[in-house]
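# Architecture and fold: a report
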Amino acid sequence: MILSVENGCFSYKNSKDKLLLEDINFSVEPGDLLAILGPNGAGKTTLLRCIMGFLKWSSGKSTLDGENIRNIPNKKLWNNIAYVPQAKSTVAAYTVEEMVLLGRSSHFSMLSLPKEEDLEIVHKVMEEMNLTRYAHKKCSQISGGELQMVLIAKALVSEPKILILDEPESNLDFKNQLLILDTMTKLTNKGISCIFNTHYPTHALQRANKAFLLSKSGEYLFGETREVITEKNIEKAFGVKAVIGEIETPSNILKDVIPLEITQTSDINALLSKDELSTERKVAVVSIITDHSDVSEKINKLLGKNKKYIIGRMGMPYEDRGISIINVTLDAPEYVIQTLVSQLGFLSGVSVKAIYSQVKF
Ligand SMILES: Nc1ncnc2c1ncn2[C@@H]1O[C@H](COP(=O)(O)OP(=O)(O)OP(=O)(O)O)[C@@H](O)[C@H]1O
């Protein structure tokens, strides 16, 4: 299912006709993880609301597989899309379990009771989101972060094809942030599309294959995350000098963004622009160690996507140790190799590293 925005423009009625969102164009395909970033008040939540039709584009449209979202019957639309708003307030009367079950309501009719299968998925998702112990507590009696997890669980039980989340990791502790990021990665590995607003450029760089960066002036950039989230563009959009570095962990190399200082407004006059990805080719061996046999299909899928760059491959199971080692030699632009390493690194039970040849081609 492809979600697109075509020439979307929007302004609030009281904003003296100044467009908040101007000529927005982008699309999200199955398996895409799109991060939307921008300073406070830039229009990220407004953009999500316009995408889903809660706010009407002044001109332009959102489409689902080419059909204008406004022409799609509500039931059909919400069978495919789930939305998690920021957890500001909620209907107090519901317990956590009832709230999560509400997310399943498009699967049973208003007059019937949920089926065994519906309850099973509700309990499974609650377990995965560590919510089981709160099942019978009222939503008004849990913390803001706990409520956020409940709302995400409510969206997940609807088994959407497209999941849209407004700042899902804000308000959450490290463990729950990782749980949400891992959940989004898992869903996109299954071919579901996720769109999330975030104030964490690091999360975008580590997880999202696409990024949409919106500035206060209404300007935006959309494209590959590594092209969009650059030191220059962070400075231009947020007015903050930042460095993007890499941290080596036992199983992966992760990008990190560290804000350094506020830039004087007069220093920022350039427009957002895509950083050209280096197309310089490198030869590298990507070494993969896996301890699960059920992950091999996912590894093969990722390698298959990069087939044209692969010049050699060796794999060996070490059954007595319960692991397999795969060495893949690639001749590819560095960003292709880095993207592959990062996607492999997020599969559970996989350790991966690239070793680059010193020889220039
Ligand atoms: N209902 C409304 N009526 C008029 N103006 C609004 C309305 N909702 C939001 N705005 C204005 O539109 C602009 C964009 O708001 P929005 O909430 O979309 O920003 P945001 O990028 O999501 O911000 P944040 O990062 O702080 O959540 C802001 O200037 C805000 O004051």
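Throughout, a residue's number is its position along its own chain's written sequence, starting from 1. Totals for whole chains, interfaces and linings use every residue, but because this is a predicted model, local features are given only for residues with pLDDT of at least 70 and side-chain atom pairs only at 80 or more, for both listing and counting. To get the side-chain values, take all heavy atoms of the structure and skip hydrogens and water.

## Some words on the domain arrangement of the protein
Once the domains are mapped, the protein shows domain 1 (3–238) and domain 2 (281–356). Residue contacts are defined here by distance: any two heavy atoms, one from each residue, within 4.5 Å place the two residues in contact. Counting residues at the interface gives 6 residues for domain 1, matched by 7 residues for domain 2. Note on definitions: buried area is the accessible-area loss of two parts on being combined, 1.4 Å probe, summed for both. Of the roughly 620 Å² buried between domain 1 and domain 2, counting both surfaces, carbon and sulfur atoms make up 49%. Throughout this description, the term salt bridge denotes a Lys or Arg side-chain nitrogen within 4 Å of a carboxyl oxygen of Asp or Glu. Viewed at the interface, domain 2 and domain 1 are joined by 0 salt bridges. In the analysis that follows, any N or O atom pair within 3.5 Å is treated as a polar contact, provided that within protein one partner can donate a hydrogen and the other can accept it, and provided that, for residues neighboring in sequence, both atoms belong to side chains. Our enumeration of links across domain 1 and domain 2 arrives at 1 residue pair in polar contact (both at pLDDT 80 or more). Counting only elements with at least two residues in the side of domain 1 that touches domain 2, the list comes to α6 (174–189) and α7 (201–207). Domain delimitation in this document rests on an assignment produced automatically or drawn from a domain database. Only DSSP runs of H or I with at least four residues qualify as helices, and only runs of E with at least two residues qualify as strands; both kinds are numbered from the N terminus onward.

## Describing the site of the ligand
Residues are labelled near a given molecule or strand when at least one of their non-hydrogen atoms is within 4 Å of it. Within the structure, the ligand sits among 14 residues, and N40, G41, G43, K44 and T46 are positioned closest to it. At 2.5 Å from an oxygen atom of the ligand is found a side-chain nitrogen or oxygen belonging to T46. At 2.9 Å, a side-chain N or O of H199 approaches an oxygen atom of the ligand. In these tables, accessible area is a Shrake-Rupley quantity obtained with a 1.4 Å probe, and a residue counts as shielded only by the protein chains included in the view. Computed on the free molecule, the ligand has an accessible area of 640 Å², of which 58% lies beneath the protein chains in the complex. Split by residue class, the shell around the ligand holds 4 nonpolar, 8 polar and 2 charged. Residue polarity follows a fixed list, in which Ala, Val, Leu, Ile, Met, Phe, Trp, Tyr, Cys and Pro are nonpolar, Asp, Glu, Lys and Arg are charged, and the others, Gly among them, are polar.

## Some points on unusual backbone geometry
Positive phi, close to 50 degrees, is recorded for N7, a residue that is not glycine. Structurally, N7 can be placed in strand β1 (residues 3–10). Note on N7: relative accessible area 43%, which makes it partly exposed. At E159, a position not held by glycine, the phi torsion is positive, near 45 degrees. By the secondary structure assignment, E159 is in the loop between α5 (144–156) and β7 (162–166). The cut-offs for exposure are 20% and 50% of the maximum accessible area for each residue type, with area from a 1.4 Å probe on protein chains only; residues under the lower value are buried, those over the upper are exposed, and the others partly exposed. The partly exposed category is assigned to E159, whose relative accessible area is 45%.

## Notes on α5
For α5, spanning 13 residues, the distance from its first C-alpha to its last is 19 Å, which sits close to the expected 18 Å at 1.5 Å a residue. Counting buried residues in α5 gives 10 out of 13 residues, a clear majority hidden from the surface. For α5, every residue scored as buried is listed here: G145, L147, Q148, M149, V150, L151, I152, A153, A155 and L156. Where the residues of α5 are buried, they touch β6 (81–84), α3 (96–102), α4 (116–128), β7 and α6. Multiplying one less than the number of residues by 1.5 Å gives the expected span of a helix.

## Comments concerning the side chain of T46
By secondary structure assignment, the location of T46 is in helix α1 (residues 44–52). Apart from residues lying up to four places away in sequence, T46 is in contact with F10, Y12, L20, L21 and L55.

## Describing the pattern of salt bridges
Two side chains bearing opposite charge may form a pair once their charged atoms approach each other closely. Counted according to the given criterion, the structure contains 14 salt bridges. With a shortest N-O distance of 2.7 Å, K210 and D32 are connected by a salt bridge. You can see K210 sitting in strand β9 (residues 210–214) and its partner D32 sitting in the loop between β2 (21–28) and β3 (33–37), a full 178 residues away along the chain. Residues participating in the shared-partner salt-bridge network are R104, E117, D118 and E159.

## Let's talk about the sheet that holds strand β8 (residues 193–197)
In short, DSSP must find at least two bridges between two strands for them to pair. With mixed pairing, the 6 strands of this open sheet are ordered in space as β6-β7-β8-β3-β9-β10. Every other strand in the sheet has two partners, leaving β6 and β10 (220–224) as the edge strands with one partner each. Averaged over all neighbouring strand pairs, the angle between strand axes comes to 10 degrees, with direction disregarded. Two elements, β9 and β10, share 5 bridges in a ladder whose sense is antiparallel. Axis lines are fitted to C-alpha atoms, over the contacting stretch for helices. Their N-to-C directions set the angle, which ranges from 0 to 180 degrees.

## Regarding the packing of aromatic side chains
Within 6.5 Å between ring centres, the rings of Phe, Tyr and Trp (the latter by its six-membered ring) count as paired, and their orientation is classed by plane angle as stacked under 30 degrees, edge-to-face over 60, tilted in between. Summed over all chains, the structure comprises 7 aromatic pairs. Their ring planes at 65 degrees and their centres at 5.3 Å tell us that F26 and F212 sit as a pair that is edge-to-face. Of this pair, F26 sits in strand β2 while F212 sits in strand β9, placing them 186 residues apart in sequence. The pair formed by F26 and F212 is uniform in burial state, with each residue classed as buried. Ring centres 5.5 Å apart and planes at 45 degrees place the aromatic pair F26 and F222 in the tilted group.

## Regarding α4
Along an α-helix, residues three or four positions apart point the same way, because every turn accommodates 3.6 residues. Taking 1.5 Å as the rise per residue, α4 with 13 residues should run 18 Å; its terminal C-alpha atoms sit 18 Å apart, in good agreement. Taken together, the buried positions of α4 are D118, I121, V122, V125 and M126. Buried residues of α4, viewed axially, fall in a sector of 135 degrees; they line one side. Facing away from the buried side of α4 by more than 90 degrees, the exposed set consists of E116, E117, E120, K124 and E127. Turning to α4, the residues buried within the fold contact α3 and α5. Phi for N130, located one or two positions after α4, is positive at around 55 degrees. Think of the arc as the fan of directions from the helix axis to the C-beta atoms.

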